[in-house]
Amino acid sequence: MKQIRYYILLGLALVLVAGCQNSGQEGRIVANFNNNWQFAKDLPDSNYALPSADTAAFQPVTLPHTPRIEPLVVNNQWMGTCWYRKTFSVDPSQKSRRYYLYFQGAMQNADVYLNGKHIYSHEGGYLPFEVPISKELHYDRPNLLAVKLVNTDDTLVPPGKTLKTLDFNRYGGIYRDVELISTSGIHITNPLTAKENAGGGVFVVQDTVNHLLAKLTIKTQVVNQESGERGFHVIQVLKDRKGKVVARVKSEKYILDPGEKKDVTLQMDVQDPSLWSPESPYLYRLETKVVRGSRLLDNITQRIGLRSVVLKPEGLFINGKKTFLSGTNRHQEYPYIGYALSDEAQWRDAVKIKDAGFNVVRLSHYPQSEAFMDACDSLGIVTMDAIPGWQFMGNETFKENVLKDVRQLIRRDRNRASVFFWELSLNETWMLPPFMDRILKVKNEEFPTKKPIACAWIDYPGYDLFIPARQHGHLPNYWINYKDGKRPVFVAEYGDWEYYAQNAGFNQTQFKGLKPGDRSSRQPRDAGEQRLLQQELNFQEAANSNEKGRGHGTVGQANWLMFDYNRGYANDLETSGISDIFRLPKFSYYFYRSQRDAHEPVTAPATGGPMVYIASYWTKKSDRDVKVFSNCGEVELFLNGKSLGKKKPVRNRFSNELPHPPFLFHLKSFVPGTLKAVGYIDGKAVAEYMVRTPGKPAALVLEVDKSGIPVSDKNKDVVFVYAKVVDENGTVCPYDSSLVDFSVQGNARLVGGNPFRARAGIASIVLQTEPTKNPIVISARSKGIKEATIELKEGK
């Protein structure tokens, strides 16, 4: 499942921490460094990096970690100073090797200490950093690592805006993975630390890509940090999914004196390549090896996708095929634990995005985790990679940090198949031309030959793609037929603010007589059918409007947004997500799912194919005009087994541009029972969906949301557990708000409000698991109805 990131992960036998011995294998060794940390926050002012420090307040934790479990609605997020400490040992027989710590993300200003000595500082919470530790390591006794983190407001560090005025929460802690890396003295450098433009690591430039041939230029930077033998070769090996070698190139012999670096550039031709696309995200394995004779000095494995991405005035072309991208925005938070998601949880979010019918995600408004990027590469989700920023411009130090973020983001993700677009601008921040020119200069330095697609919310020369939000335009056309600029348009946000704040939309007559909250897209999942249908209609109308831009300069769209989330400046959840913060879908989710073609291939564990969904609970409160979403050509609706007719989709001014407009059935009266919709393609029934009139609450049904990704049996993981309140027939009671009490047995704990009141008939909680071979048993109880128990086996 999990892509090997910049470093190849080897087996547990190669871990270098206490209790394990190096097996003698050469090359790069990467050890998971997430376990056995100690944590404390809000301590008296002191140096807790010292071995003699008072550690009575420290508690054991496993990474990823958040400093405080927050309430569901976060209106007073913890900010302050916290400390992490970890003791580890290194095999003394490996003293000649070089050691580094790789932090994927820590919020937000970090000071790193080893054995009481300050060795590194880093500013910024969204991008990784690498810390060399060889000089300060003890080989004859344990080492003490300490990390001091400060996440208070800092106007010098992007996004820069104070939390109380920010449209999202930053949270805190070492919230992504940490790895201990060991290399030989001659090794491949890390691009994050390279001083040269486009420097460091392995950089793959896809010069020419088509169905017959892919021509690659692969640059590898090697450094010598040892004395003695200085010679080496670089070998590049490309393997297909089955492990078959499809291309191999080897450099001449190079000699490096101690302290010297060398860029080794090789050309590779791949005949008849399998190309990467959203429909077929084929990934190769590129193995880069530094060798001396038969000895492996260093090695890095990456997955790369070969693809041609060309932006023209008439549209976006992927591998020569004109493509319109439709997707969403994503914030990376979970309820209660903030940013501290497991890698598996990151994958589950990506699966949900693909399941929703989307082929692009805008990473609003900051770089997101490497595990999530891995999933996008694997599932075929195009990404719009973004630097941190939102409605804030700071001083010159802030600007320099922005430029650093631009460079670091490019170096982290430059080889990724899914990254088509680089949002190298501060979102909704007015940037003057001289500063934008500085950003673009960094971009050109990092991509000296083949230029990527750079995008900005300001239509400015030098950027390739203009990415306004729909609300930045005006009725009735918004960005349709936009002629002012010379760049194509991608509508980066739509469906929320233009309805929430401007009373926009073409269907103004339907707004007549409704309360402002009723016409907004900000609707919690338990807001009731009318409001959920209004949210869906807003998204539908806006998407239909954006689709009119096809052929007129619009190459894609991303709604606002996938999941509900917290904001620093607000005392409520932002609920314009098509799923709630617990990842439970609203009606709008199924509208988008219906927009993907029934025959479009989808990579597992994501799901696709023909679908049909009835947007109704079918109660006395339900609208008699029943809306059905489907990607089938015809839909037949049944009530209690009796056909109400077969219909084609309704095409009108709110749906005439959609790939698959909704279906509408008018029922004269309410009759309790079962509604069943059957979808037909070419006269054949290919999908069905049923909804029953709910009865009285009778029982609870438990469900663990794995989204096709097994719960990890090797690492800390987090999953959602849902307790559904159902009637005697198993139908969810959509207006029930019973108080549900969860409990757990096994190597896991429940995180969040408990007991938790059901919303729209479902109570949700977060389950945090630790590695175990024993089953975890979750139970749920509620007064007056039958309790439920479910057994969870990790790794399944």
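In this text, all values refer to a predicted model and were calculated from it rather than measured experimentally. (Residues numbered from 1 in each chain as written. Predicted model: local features only at pLDDT ≥ 70, side-chain atom pairs only at ≥ 80, totals over all residues. Heavy atoms only, no water.)

### With respect to the overall build of the protein
Inference 1: Assigned secondary structure in the protein consists of nine helices and 45 strands.
Inference 2: Computed over the C-alpha atoms, the radius of gyration of the protein is 27 Å, within 12% of the 28 Å expected from 2.2 N^0.38 for a compact globule of 796 residues.
Inference 3: Here the protein holds 796 residues, and 62% of them are scored as buried.
Inference 4: Long-range pairs, those at least 24 residues apart, make up 70% of the contacts in the protein between residues at least 6 apart in sequence.
Inference 5: Of the accessible surface of the protein, which amounts to about 29,700 Å², a share of 49% is contributed by carbon and sulfur atoms.
Inference 6: Here the protein contributes 102 positively and 86 negatively charged side chains, and the mean placements of these two sets differ by 2 Å. (Helix = DSSP H or I, 4+ residues; strand = E, 2+ residues; numbered from the N terminus. Rg over C-alpha atoms; globule rule 2.2 N^0.38 Å. Buried < 20%, exposed > 50% of the residue type's maximum accessible area, 1.4 Å probe, protein only. Contact = heavy atoms within 4.5 Å. Areas by Shrake-Rupley, 256 points an atom, 1.4 Å probe, with all protein chains shown as cover. Lys, Arg positive; Asp, Glu negative; His and termini not counted. Charge placed at Lys NZ, Arg CZ, Asp CG, Glu CD.)

### Details of empty space enclosed by the protein
Inference 1: Taken as a whole and judged by the stated rule, the model has seven cavities of 30 Å³ or more.
Inference 2: Taken as a whole, the second largest cavity holds about 60 Å³ of empty space.
Inference 3: Lining the second largest cavity, in full, are His122, Glu123, Gly124, Gly125, Tyr126, Leu127, Pro128, Pro158, Pro388, Lys404, Asp405 and Gln408.
Inference 4: When contributions to the lining of the second largest cavity are tallied by element, the ones reaching two or more residues are strand S7 (117-123) and helix H3 (396-413).
Inference 5: The element contributing the most residues to the lining of the second largest cavity is H3, with three residues. (1 Å grid on protein atoms, 1.4 Å probe; cavity = no way out; pocket = protein on both sides within 12 Å on 5 of 7 lines; lining within 4 Å. Points joined across faces, edges and corners; volume = space filled by probe spheres on them.)

### Considering helix H1 (residues 343-355)
Inference 1: Given a rise of 1.5 Å per residue, 13 residues ought to cover 18 Å, and the 18 Å separating the end C-alpha atoms of H1 matches this to within 8%.
Inference 2: With respect to burial, H1 is a largely interior element, 13 of its 13 residues being buried.
Inference 3: Positive backbone phi, at 95 degrees, marks glycine 357, one or two positions downstream of H1. (Expected span 1.5 Å × (residues − 1).)

### Describing the pairing of strand S19 (residues 295-304)
In the case of a regular strand, side chains alternate between the two sheet surfaces.
Inference 1: Where burial is concerned, most of S19 is hidden: eight out of the ten residues are buried.
Inference 2: One ladder, built from nine bridges, connects strand S18 (residues 284-292) with S19; its direction is antiparallel. Its bridge partner being in S19, tyrosine 284 is matched across the sheet by isoleucine 304.
Inference 3: The turn joining S18 and S19, which pair antiparallel and follow one another in sequence, is formed by two residues; a positive phi near 65 degrees is taken by glycine 293. (Pairing = 2+ DSSP bridges.)

### What to know about the sheet that holds strand S31 (residues 612-614)
Inference 1: Read from one edge of the open sheet, three strands run S31-S32-S35, paired in antiparallel fashion. Of all strands in the sheet, those bounded by a partner on one side alone are S31 and strand S35 (663-666). Along the sheet, successive strands turn relative to each other by an average axial angle of 25 degrees, direction set aside.
Inference 2: Here strand S32 (residues 625-630) pairs with S35 via four bridges, running antiparallel. The residue bridging lysine 627 from the neighbouring strand is leucine 664, located in S35. (Axes fitted to C-alpha atoms, helices over the stretch in contact; angles between N-to-C directions.)

### Here's the deal with H3
Spacing of three or four residues puts side chains on the same side of an α-helix, whose turn is 3.6 residues.
Inference 1: If you check H3, its first and last C-alpha atoms are 26 Å apart, about what 18 residues at 1.5 Å a residue would give, namely 26 Å.
Inference 2: By the burial criterion, the buried members of H3 are Phe398, Asn401, Val402, Leu403, Asp405, Val406, Gln408, Leu409, Ile410, Arg411, Arg412 and Asp413.
Inference 3: Turning to H3, the residues buried within the fold contact S7, helix H2 (370-379), strand S25 (382-386), strand S26 (419-423) and helix H4 (433-446).
Inference 4: Between the side-chain oxygen of the N-cap and the backbone nitrogen of threonine 397 there are 3.1 Å, and the N-cap of H3 in question is asparagine 395. (Polar contact = N/O pair within 3.5 Å; in protein donor to acceptor, adjacent residues only side chain to side chain.)

### Focus: the sheet that holds S7
Inference 1: Judged by pairing direction, the sheet is antiparallel, and its six strands sit side by side in the order S3-S2-S4-S9-S6-S7 without closing on themselves. Each of the sheet's edge strands pairs with one partner strand only, and the pair in question is strand S3 (59-61) and S7. Strand-to-strand, the axes of this sheet are offset by a mean angle of 25 degrees, without reference to chain direction.
Inference 2: Note that strand S4 (residues 81-88) and strand S9 (residues 143-150) share eight bridges and pair antiparallel. Of the residues in S9, the one forming a bridge with tyrosine 84 is valine 147.

### Observations concerning the packing of H1 against H2
Inference 1: Contact geometry for H1 and H2: axes closest at 8 Å, N-to-C directions at 40 degrees. Comparing the axis directions of H1 and H2 gives the class oblique. As H1 runs across H2, the sense of the crossing is right-handed. In contact with Asp343, Gln346, Trp347, Asp349, Ala350, Val351, Ile353 and Lys354 of H1, H2 contributes Ala371, Phe372, Asp374, Ala375, Ser378 and Leu379.
Inference 2: Class assignment for the residues of the contact of H1 with H2 results in eight nonpolar, two polar and four charged. (Parallel < 35°, antiparallel > 145°, perpendicular 65-115°, else oblique. Left-handed = near helix turned anticlockwise from the far one by under 90°. Nonpolar A, V, L, I, M, F, W, Y, C, P; charged D, E, K, R; others polar.)

### What to know about the nonpolar core
Inference 1: Grouped together as the largest cluster of nonpolar side chains are 73 residues, with contacts concentrated most on Leu424, Ile439, Tyr463, Met562 and Ile578.
Inference 2: Those residues in contact with isoleucine 578 that sit more than four places away from it in its chain are Ala356, Phe358, Phe539, Asn559, Leu561, Met562, Pro585, Lys586, Ser588, Tyr589 and Tyr592.
Inference 3: Within the second largest apolar cluster, 38 residues are counted, among which are Tyr334, Val719, Val740 and Ala763. (Core = buried A, V, L, I, M, F, W, Y, C linked by side-chain atoms within 4.5 Å.)

### Some remarks on the side chain of asparagine 329
Inference 1: As for its placement among the helices and strands, asparagine 329 is situated in strand S23 (residues 325-329).
Inference 2: Residue asparagine 329 is classed as buried on the basis of its relative accessible area, which comes to 0%.
Inference 3: A distance of 3.0 Å separates a polar atom in the side chain of asparagine 329 from a polar atom in the side chain of arginine 362.
Inference 4: In contact with asparagine 329, not counting residues within four places along its chain, are Val361, Arg362, Ser364, Ala492, Glu493, Ala558, Asn559, Trp560, Leu561 and Met562.

### What to know about unusual backbone geometry
Inference 1: The peptide bond linking methionine 107 to glutamine 108 adopts the cis configuration, its omega dihedral lying at -10 degrees.
Inference 2: Take glutamine 108: it is sitting in the loop between strand S5 (98-103) and strand S6 (109-114).
Inference 3: Following proline 158, the chain continues into proline 159 via a peptide bond in cis, with omega recorded as 10 degrees.
Inference 4: A positive phi angle, near 75 degrees, is found at tyrosine 336, a position not held by glycine.
Inference 5: Structurally, tyrosine 336 can be placed in the loop between S23 and H1.
Inference 6: Among the residues examined, tyrosine 336 registers a relative accessible area of 5% and is labelled buried.
Inference 7: Of note in the backbone geometry, tyrosine 478 takes a positive phi value of approximately 50 degrees without being a glycine.
Inference 8: Examined against the element boundaries, tyrosine 478 turns out to sit in the loop between strand S28 (465-466) and strand S29 (489-491).
Inference 9: Taking relative accessible area as the criterion, tyrosine 478 reaches 8% and is therefore assigned buried.

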